[in-house]
Amino acid sequence: MTAWRPPTALTIAGSDSGGGAGIQADLKTFSALGVFGTTALTALTAQNTLGVQAVIPVGGEAVGQQITSVLDDIPVDATKIGMLASADVVAAVISAIEARPEQFGRIVLDPVMIATSGDALLEDESTTLLRERLLPLAHVLTPNLPEAARLLDEGEAESIEQMQDQAMRLRDLGADVVMLKGGHRAGEEMVDVIAHGDGVDLLRGERVRTRSTHGTGCTLSSAIAGQYARIARVRALCEAGRDGELTLLTRTTDAAAAYLERPGVGEDLLALRSGRDYLQRALISGAEQELSRTPHEGHGPVDHLVTLDRIAREG
């Protein structure tokens, strides 16, 4: 039997000891989508559903070494970048990408800049470096409303029209595609704005009323990266004429299966729509879970395992 290579993705992000966000959420998401995940850890955190108790930084040199170690051995189809924590780490990631840009695949940048509490997670120097040098290296940017406002140095968008305007101006900073997330807006409907080369698209969906929202940004960006990885492998297998392996990547209705039906058409929207669909399902399923000892005090995680068969619940 001929060996086959699964889709692979790299996540460059911080650790969440509670498992709901960061590297842990990324790896769970990759696995749920059938993608092999690799990592470069940018920070350690002591946190749970109630909040962050401590942040232990990782130096930029160590982050660069992790990235180099992965790329020297494992082909990467897509990359997700999350929490970078310091200017030193931002600079290290920039240097790594500039040194071998073709080896990162599609890069999805989730600009983790502001915590749910409203506290800034990046200093001004780091934010400037991210905006001016890292952002133009990314293919997709996925800010929430506060992060978009900080990147543009203005107030948060309050209407769909303002979101469209901000998304287009964020795209002018260098990313090919901007997905401005509307989760912070009030209302029963969830609207995300996608700005790309052909204009603007709106992704609409019903808002899930739940406290289990921890790690939604990490999960969405890693799901998008995972879908890009799946598309990349399908494209490569199609070009190589290895049809037998395609069935391993298209068992479910997702971006890879859709791409196979229309090869070369609309990869970005396929990846973003499929990534958002996964997050929506994870939110709905997560709303039915109680993980914490005090589920009504904090914010539980989404259900990253929503794609998997589960053991029947206990009565």
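About the thresholds
- The residue numbering used here restarts from 1 in each chain and proceeds along that chain's sequence as written.
- Totals for whole chains, interfaces and linings use every residue, but because this is a predicted model, local features are given only for residues with pLDDT of at least 70 and side-chain atom pairs only at 80 or more, for both listing and counting.
- Excluding hydrogens and water, the side-chain figures rest on all heavy atoms present in the structure.
- Each helix is a run of DSSP H or I of at least 4 residues and each strand a run of E of at least 2, with the numbering of both proceeding from the N terminus.
- We call two residues contacting when some pair of their heavy atoms lies within 4.5 Å.
- To measure how exposed things are, a 1.4 Å probe is used in the Shrake-Rupley method; for residues, cover is taken only from the protein chains shown.
- Three exposure classes are used, based on accessible area relative to the maximum for each residue type with a 1.4 Å probe and protein chains only: buried under 20%, partly exposed in between, and exposed over 50%.
- Here a helix's expected span is defined as the number of its residues, less one, multiplied by 1.5 Å.
- Definition of a polar contact: a pair of N or O atoms within 3.5 Å, with one able to donate and the other able to accept a hydrogen when the atoms are protein atoms, and with sequence-neighbouring residues admitted only if both atoms are side-chain atoms.

**Some points on the overall build of the chain**
Item 1. Along the chain, the regular secondary structure elements total ten helices and ten strands.
Item 2. Long-range pairs, those at least 24 residues apart, make up 69% of the contacts in the chain with a sequence separation of at least 6.
Item 3. Accessible surface, the chain as shown: approximately 14,500 Å² in total, 50% of it carbon and sulfur.

**Topic: unusual backbone geometry**
Item 1. Of note in the backbone geometry, Ala85 takes a positive phi value of approximately 75° without being a glycine.
Item 2. Within the secondary structure layout, Ala85 lies in the loop between β5 (78-81) and α3 (87-99).
Item 3. Overall, Ala85 belongs to the partly exposed group, its relative accessible area being 27%.
Item 4. The phi angle at Asp153 is positive, at roughly 55°, despite the residue not being glycine.
Item 5. Looking at the element boundaries, Asp153 is found in the loop between α5 (145-152) and α6 (160-171).
Item 6. With relative accessibility at 71%, the residue Asp153 sits in the exposed group.

**Description of helix α10 (residues 267-286)**
Item 1. In a regular helix each residue adds 1.5 Å, so 20 residues correspond to 28 Å; α10 covers 28 Å between its end C-alpha atoms and thus fits that length.
Item 2. Burial analysis of α10 places 14 of its 20 residues in the buried class, which makes it a mostly covered element.

**Thoughts on the environment of Gly20**
Item 1. Relative to the elements of secondary structure, Gly20 occurs in the loop between β1 (8-13) and α1 (22-32).
Item 2. Residue Gly20 is classed as buried on the basis of its relative accessible area, which comes to 2%.
Item 3. Placed 280 residues apart in sequence, Gly20 and Gly300 show a C-alpha to C-alpha distance of 7.4 Å.
Item 4. Residue contacts for Gly20: discarding those within four places in its chain leaves Ala25, His214, Gly215, Pro301 and His304.

**Describing the side chain of Glu267**
Item 1. Mapped onto the elements of the fold, Glu267 is located in helix α10.
Item 2. A distance of 2.8 Å separates a polar atom in the side chain of Glu267 from a polar atom in the side chain of Arg235.

**Regarding α1**
Item 1. Buried within α1 we find Gly22, Ile23, Ala25, Asp26, Thr29, Phe30 and Ala32.
Item 2. On its buried face, α1 sits against β1, β2 (36-41), β5, α7 (216-240) and α10.
Item 3. The positive-phi residue at the C-terminal boundary of α1 is Gly34, with phi of around 75°.

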